[in-house]
Amino acid sequence: MAHLNEAAVKQIEEICDRYKNENTPLVMILSDIQKEYGYIPLEVQELVSEKTGISVAEIYGVVTFYSFFSLKPKGKYVIGCCLGTACYVKGAQQVIDKFSEILGIKAGETTDDGLFTIDALRCIGACSVAPAVTINGTVYSKVKVDEVKGIVEKYQKGAN
Amino acid sequence: MDFLKTVEDLQQLSAKCAGCFKAKIDGSDGKKHIVICGGGACASANSEQIKANMLDVLKEKDLLDKVTVDLGGCFGLCSSGPFAKIYPDDTLYTLVKPEDAREIIEKDIIGGEIVERLLYVDPAANKKIKKESEIPFYKKQEKIALNNCGVIDPENIEEAIGAGAFKGFVRALSMGRKEVIQEVLDSGLRGRGGAGFPTGRKWSFVPDVEGDKYIVCNGDEGDPGAFMDRSVLEGNPLAVIEGMMIGGYAIGASAGYFYVRAEYPVAVQRLKNAIKQAEEMGLLGDNILGTGFNFRINLRLGAGAFVCGEETALLNSIEGKRGMPRPRPPFPAVSGLWGRPTVVNNVETLACVPYVLREGAAAFAKLGTEKSKGTKVFALGGKITNVGLVEVPMGTTLKELIYDIGGGIPNGKKFKAIQTGGPSGGCLTAEDLDAEIDYDNLVARGSMMGSGGAIVMDEDNCMVDVAKFYLDFICDESCGKCSPCRIGTKRMLELLTKITDGNGTMEDLDELEDLAAKIKTNSLCGLGQTAPNPVLSTLAHFRDEYVAHIVDKKCPAHVCKNLMEYVIDKEKCIGCGMCAKNCPTSTISQTDYVAPGHKLASYHIDPLNCVKCGNCMSVCKVGAVSKQ
Ligand SMILES: Cc1cc2nc3c(=O)[nH]c(=O)nc-3n(C[C@H](O)[C@H](O)[C@H](O)COP(=O)(O)O)c2cc1C
Ligand code: SF4
Ligand code: SF4
Ligand code: FES
């Protein structure tokens, strides 16, 4: 999103307007933008700054503080590996390592083809089926290291 | 939905709904009611589809007016979910799949016969149990915060009212503010968010000044592996709302804020729905029930930062800023949200408040120990048979929690430790099993109550690795405002990594302890002040494991990769070669040794090129590969 197109500008302005009556709306505005576009690049932060009068420095500070906000776009499939305690003690580290090994990226990174992002999550509330992995909302329970390859392949096939 | 103008209006509605609710539970309405568990784990196992399938079958049989199907909150026994519970029979079906829907409707609901294969099997007695109330997991529990979770439809305010919602609020309205605070003080209720500060005391600190005051509900639930607050919010959102209204009334607040993790979309949606319904009925807004009490509730979502669970950081986050803690004093009770007096309470704390007002302080104080009253909800996880959500009276022993309720450690493994208090807490060991759960008791034993995460570890968990896991989490989540926490925890993590990599020295242990002491005393907020606890507590209980890593260069639990190896037992190996085929580094080769009774020569791992991926162990059918 090097340049924002008109529709995007309009939508972001509309999101800012949604919270006009709120005392301190910045986090809410950014959450909505993150949800809508998947990331919050600098151009968008500048636009929000113009609209709200909050300085870009402050907006950038908030965007980089919270792990939900991202400066870069994420992959088509976001592989969320839970590394919460319940999952960790049941071998979640080996599971995320396997995803990393197969895709050649570390947690927080996106593959060059833009297909996959690996995220390390902290408890998704599926502790009874630990280790848990979620991919675009679908939860995979009790994931074993040797199942990882099959899971990745399923999405690779689906993408073609 | 009626608009309630007076307290009498609410009481009338309450009486009417109580009748409907009772009829639903005891079957006197001539209907059957099915509640499907919609808690986190069951929802991820597609429990919504079970409901949809049941409705389809009911429609086909033309029974939609005789049988209802609801999605309720967490049933607790997550490892046996998804569940379907049938009222009034009290039959509980476990491990239900969407394709079981038809059989349950046709055989049980229509045929009146039990679907035996879906009943809970008590592993201890190896016998099937039909009724929920007879399952050992539920026997020692006592539900106050989780009251009605998994019973009522969390999206239906009238049903909640029928089950007793707002009775506590009505009683509070009939009392003076100071009396309400006194009642909460008398109940002995202490904050369930971790520190255990007496709730009534906290409320009493709010000055009697004009102008805006706020009550904030902390639903950030950052402890990884804990899902108590989520389950309360999803299963009975109105209990927390009512608790907030009572607190708001007691401190003279005009508005309340919920701060909920964005990772909990279902909780957020149920809260929104409950707030909307309460507004439409006039239970929130101006001049509530004609009493002159004005109160509104707003909802804010977290954005993924553990430190925002700390109350002053949380307030900054609501104010749209980076969620960094503020120095205290001033305490939030004096200067909180937008500089106004503010009380921050945990979800479970607020969920207990309606009970205290409805049943009276004495009823609440009857449960528990001398200094810890009532109950506590725990999310039992890790190496335990019954993974799930439990609520036990304070004073229950760890043994009862882990063995009687939790069903013990699976796969015949040995219990090693239970971690409470998450990254701020510590571990309790076999020596502590007879300890009663109580705020002060757990602290005296080197851990803490925490918010309720309870992770059980067995002999296969390396305690040095667990300590490293928590520190890694802390380093990730330290907000960076103060250097003891930001830099100190990083140094500690480096030392632990050095030890688990096999390069540690005994001096490193002294340095860990020295750093820990400095970080604890010099950090600004609770995150830094408690960050060294997991290391200190594992050092205290499992120093020999640290020493084994450093001196013997061995990880006794075979977790730390540099300090363990995969070995093939040449006597057990049948020479099938599966391991060699699956080894990514081709470091397994066949020897010329044929074990007695076997036809093919056994294989051998050359440790030099082994990357410890574990493939060989998972593919070997005869279990010849082991970790050493
Ligand atoms: C790093 C850190 C994280 C915390 N996380 C939570 C949390 O997730 N939920 C919570 O209720 N309290 C949390 N607390 C405690 C809160 O600061 C505060 O004490 C609590 O919300 C007060 O509510 P209570 O008195 O009802 O327990 C945390 C504290 C610290 C220092
Ligand atoms: S102790 Fe850690 S989390 Fe707390 S203010 Fe300091 S740097 Fe931030
Ligand atoms: S652990 Fe992995 S690398 Fe090592 S021998 Fe087994 S299969 Fe090969
Ligand atoms: S720790 Fe992974 S789902 Fe809870």
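Parameters and conventions
- Residues numbered from 1 in each chain as written.
- Chains lettered and ligands numbered in written order.
- Predicted model: local features only at pLDDT ≥ 70, side-chain atom pairs only at ≥ 80, totals over all residues.
- Heavy atoms only, no water.
- Helix = DSSP H or I, 4+ residues; strand = E, 2+ residues; numbered from the N terminus.
- Buried < 20%, exposed > 50% of the residue type's maximum accessible area, 1.4 Å probe, protein only.
- Contact = heavy atoms within 4.5 Å.
- Near = heavy atom within 4 Å.
- Nonpolar A, V, L, I, M, F, W, Y, C, P; charged D, E, K, R; others polar.
- Phe/Tyr/Trp six-rings, centres within 6.5 Å; stacked < 30°, edge-to-face > 60°.
- Core = buried A, V, L, I, M, F, W, Y, C linked by side-chain atoms within 4.5 Å.
- Buried area = accessible area lost by both parts, 1.4 Å probe.
- Salt bridge = Lys/Arg side-chain N within 4 Å of Asp/Glu carboxyl O.
- Polar contact = N/O pair within 3.5 Å; in protein donor to acceptor, adjacent residues only side chain to side chain.

Q: Hey, could you run me through the side chain of Asn316 of chain B in this one?
A: Residue and element names in this part refer to chain B. Position of Asn316 among the secondary structure elements: in helix α13 (residues 311-318). Residue classification places Asn316 among the buried residues on the basis of a relative accessible area of 9%. Not counting residues within four places of it along the chain, the set of residues in contact with Asn316 comprises Lys321, Arg322, Gly323, Met324, Pro325 and Arg326.

Q: Before we go on, may I ask you to explain the site of ligand 2 in this structure?
A: By nearness alone, 13 residues border ligand 2, and Cys479, Lys481, Cys482, Cys485 and Cys525 of chain B come closest of all. When the residues that make up the shell around ligand 2 are grouped by side-chain class, the tally is eight nonpolar, four polar and one charged.

Q: Help me understand the site of ligand 3 in this model?
A: Around ligand 3, the surrounding shell holds 14 residues, and the nearest of these are Cys583, Cys610, Cys613, Gly614 and Cys616 of chain B. Across the shell around ligand 3, the residue classes break down as nine nonpolar, four polar and one charged.

Q: Would you mind showing me how to read the environment of Lys490 of chain B here?
A: Residue and element names in this part refer to chain B. Its location among the elements puts Lys490 in helix α19 (residues 483-500). Exposure remark for Lys490: the relative accessible area of 41% places this residue in the partly exposed category. Sequence separation between Lys490 and Glu159 is 331 residues; the distance between their C-alpha atoms is 51 Å.

Q: Would you mind showing me how to read the packing of aromatic side chains here?
A: To describe a pair of aromatic rings, you give the distance between the ring centres and the angle between the ring planes. Residue and element names in this part refer to chain B. As enumerated under the stated definition, the model contains 19 aromatic pairs over all chains in all. Where Tyr214 meets Trp338, the ring centres are 5.7 Å apart and the plane angle is 70°; that geometry is what we call edge-to-face. Residue Tyr214 is found in strand β7 (residues 214-219), and its partner Trp338 is found in the loop between α13 and β11 (342-346); the two are separated by 124 residues along the sequence. A residue is classified by how much of its surface remains accessible, and Tyr214, at 8% relative accessible area, is buried.

Q: What exactly am I supposed to notice about the nonpolar core here?
A: As a rule of thumb, nonpolar side chains are buried together in soluble globular proteins. Phe99 of chain A together with Phe166, Phe258, Leu283 and Phe295 of chain B are the most contacted members of the largest nonpolar core, which totals 123 residues. Ranked by residue count, the leading element in this core is helix α11 (residues 237-251) of chain B, at nine residues. The residues touching Leu283 of chain B, leaving out its near neighbours within four places in the chain, are Leu4, Leu10, Ile157, Ile161, Phe166, Met245, Ala278, Ile288 and Leu289 of chain B. Counting 68 residues, the second-largest nonpolar core is a separate cluster that includes Val27 of chain A together with Ala313, Leu314 and Leu563 of chain B.

Q: What is the right way to read the interface of chain A and chain B from this model?
A: In many analyses, interface size is given as the accessible surface area lost on bringing the parts together. Taken together, the contacts link 32 residues of chain A with 44 residues of chain B. When chain A packs against chain B, close to 3300 Å² is buried across both sides, 57% of that on carbon and sulfur atoms. It is Phe65, Thr85 and Arg122 of chain A that lose the most area in chain A upon contact with chain B, and together they represent 22% of the buried surface on that side. Ionic pairing is found between Arg122 of chain A and Asp476 of chain B, a salt bridge with its closest N-O pair at 3.3 Å. Here chain A and chain B share 18 residue pairs in polar contact (both at pLDDT 80 or more) between them.

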